[in-house]
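Next come the chains, spelled out residue by residue.
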Amino acid sequence: MVGALARQRYLEAFDDPITVNEADGETVFVEDPEGNAYNLSGLTDEDVLDKIERSRKAGLNLFFIECPPYNPGYSPDADY
């Protein structure tokens, strides 16, 4: 799970939060300006921090390129 430091660094770098899916409480993801979501599950804090640094050097958000698309969708069984 992505920890508090990595979440804070992402917010500082991209002015957007890392989000947790409310339905399952586990899946972490980010969204691009068009509302497309990208799954960060399985990444460590070190992975996130490295991707932030590489994004800064590249001048674009590599999370939108390197992370798989994610469709959080609606779950009728979830408590929102």
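What this report covers is the structure whose coordinates are included nearby. Note that this is a predicted model, so its numbers are computed, not measured. (Residues numbered from 1 in each chain as written. Predicted model: local features only at pLDDT ≥ 70, side-chain atom pairs only at ≥ 80, totals over all residues. Heavy atoms only, no water.)

Description of the pattern of salt bridges
Okay, step 1: Inspection of every chain in the model, using the stated rule, returns four salt bridges.
Okay, step 2: Of the charged contacts in the structure, one is a salt bridge between Lys51 and Glu66, with a shortest N-O distance of 2.7 Å. With Lys51 in helix H2 (residues 45-58) and Glu66 in helix H3 (residues 63-66), this residue pair connects regions lying 15 residues apart in the sequence.
Okay, step 3: Note that Arg54 is salt-bridged to Glu66, the shortest N-O span being 2.7 Å. Of the two residues, Arg54 sits in helix H2 while Glu66 sits in helix H3, which places them twelve residues apart along the sequence.
Okay, step 4: When its relative accessible area of 31% is taken as the criterion, Arg54 is described as partly exposed. (Salt bridge = Lys/Arg side-chain N within 4 Å of Asp/Glu carboxyl O. Helix = DSSP H or I, 4+ residues; strand = E, 2+ residues; numbered from the N terminus. Buried < 20%, exposed > 50% of the residue type's maximum accessible area, 1.4 Å probe, protein only.)

Here we look at the side chain of Asn61
Okay, step 1: Locating Asn61 in the fold gives a position in the loop between H2 and H3.
Okay, step 2: Classification of Asn61 by relative accessible area gives buried; the value is 11%.
Okay, step 3: One polar contact links Asn61 to Tyr10, side chain to side chain, over a distance of 3.0 Å.
Okay, step 4: Aside from chain neighbours lying at most four places away, what touches Asn61 is Tyr10, Phe14 and Ser55. (Polar contact = N/O pair within 3.5 Å; in protein donor to acceptor, adjacent residues only side chain to side chain. Contact = heavy atoms within 4.5 Å.)

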